[in-house]
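Remarks on the overall topology
What follows is each chain in one-letter form.
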Amino acid sequence: MSIVGKLKAFGDLALNFFRKPVTVDESYGFTAENFRWLPRRNADLCTGCGACNERCSSGATSLTDADGERTVSIDGLRCIFCGRCADVCPERALELTLEPKKEGETDTGRVSLSHGSEEPRPTVDTKLKLQKCRICGEYMPVTEKYVAVVRDRTLKNLKPETAAIVEKDMEKYLTVCVNCRRKYSIEWDTHPRKFI
Ligand code: SF4
Ligand code: SF4
């Protein structure tokens, strides 16, 4: 490098001591203004359908069925805030937040950070009751709320006389698990062979 080049580089270096930083120093849990953060789920709207779980590309979402309940979760440490879950949610129950944490979001456990301290592990959990099979009483892999929403929306779009007939069938079939359907399909005359 020529003498002139060296002097210029030295001048730039000296100037940098007086320049403002161009990046923002952020601690975990604090975000810059307008930073897009975790999706927030409106538990009143969520039916536990699982569409968000199918779509998440970073493995941040999960559906867990246990003890008659479905838990729909978003793990804040895996989420990359892409918003795909919010795009596919049929109930418009998800919305990307601008704040780190809101009412209804919980901390399940704590995470160790590289510098040795611990922070809450942010998650967004919604719990919904699973539907029981009306025949055998086993829990089905679908929520009560989802079944109710399907029933109501289907009936809403039918003429009253048709709705009355369909409603009877829905009561009969909608809350029956796969095993009982197989068992009773011939007796009920709903075996798939009938439609072939
Ligand atoms: S948030 Fe939306 S997509 Fe996800 S389970 Fe609830 S209703 Fe379904
Ligand atoms: S915002 Fe993106 S990464 Fe985060 S939970 Fe939704 S789909 Fe997954």
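What comes next is a walk through the structure. What you are looking at is a predicted structure, and each value in this text was computed from that prediction instead of being measured.

1. What to know about the site of ligand 2
Taken together, 13 residues sit near ligand 2, with C56, S58, C79, C82 and C85 positioned nearest. The residue inventory of the shell around ligand 2, partitioned by class, reads nine nonpolar, three polar and one charged.

2. Notes on helix α6 (residues 178-188)
Along an α-helix, residues three or four positions apart point the same way, because every turn accommodates 3.6 residues. Listing the buried residues of α6 in full gives C180, S185 and W188. All buried residues of α6 fall inside an arc of 135 degrees around its axis, so they share one side. For α6, the exposed residues set more than 90 degrees away from the buried face come down to N179, R182, K183 and I186. Looking at the packing, one finds that the buried side of α6 touches α5 (160-173). Directly beyond the C-terminal end of α6, a positive phi value near 65 degrees is found at D189.

3. Let's talk about the environment of C56
By the secondary structure assignment, C56 is in the loop between α2 (51-55) and β2 (61-66). Relative accessible area serves as the criterion here: at 19%, C56 is assigned to the buried category. C-alpha of C56 to C-alpha of C85: the two residues are 29 residues apart in sequence and 6.0 Å apart in space.

4. Observations regarding the site of ligand 1
Around ligand 1, 13 residues are found, and the nearest of them are R41, C46, C49, C52 and C89. Among the residues making up the shell around ligand 1, the classes are represented as eight nonpolar, three polar and two charged.

Each value, and the rule that gives it
- Residues numbered from 1 in each chain as written.
- Chains lettered and ligands numbered in written order.
- Predicted model: local features only at pLDDT ≥ 70, side-chain atom pairs only at ≥ 80, totals over all residues.
- Heavy atoms only, no water.
- Near = heavy atom within 4 Å.
- Nonpolar A, V, L, I, M, F, W, Y, C, P; charged D, E, K, R; others polar.
- Buried < 20%, exposed > 50% of the residue type's maximum accessible area, 1.4 Å probe, protein only.
- Helix = DSSP H or I, 4+ residues; strand = E, 2+ residues; numbered from the N terminus.
- Arc of directions from axis to C-beta.
- Contact = heavy atoms within 4.5 Å.

Honestly, it's all geometry; don't read function into it.
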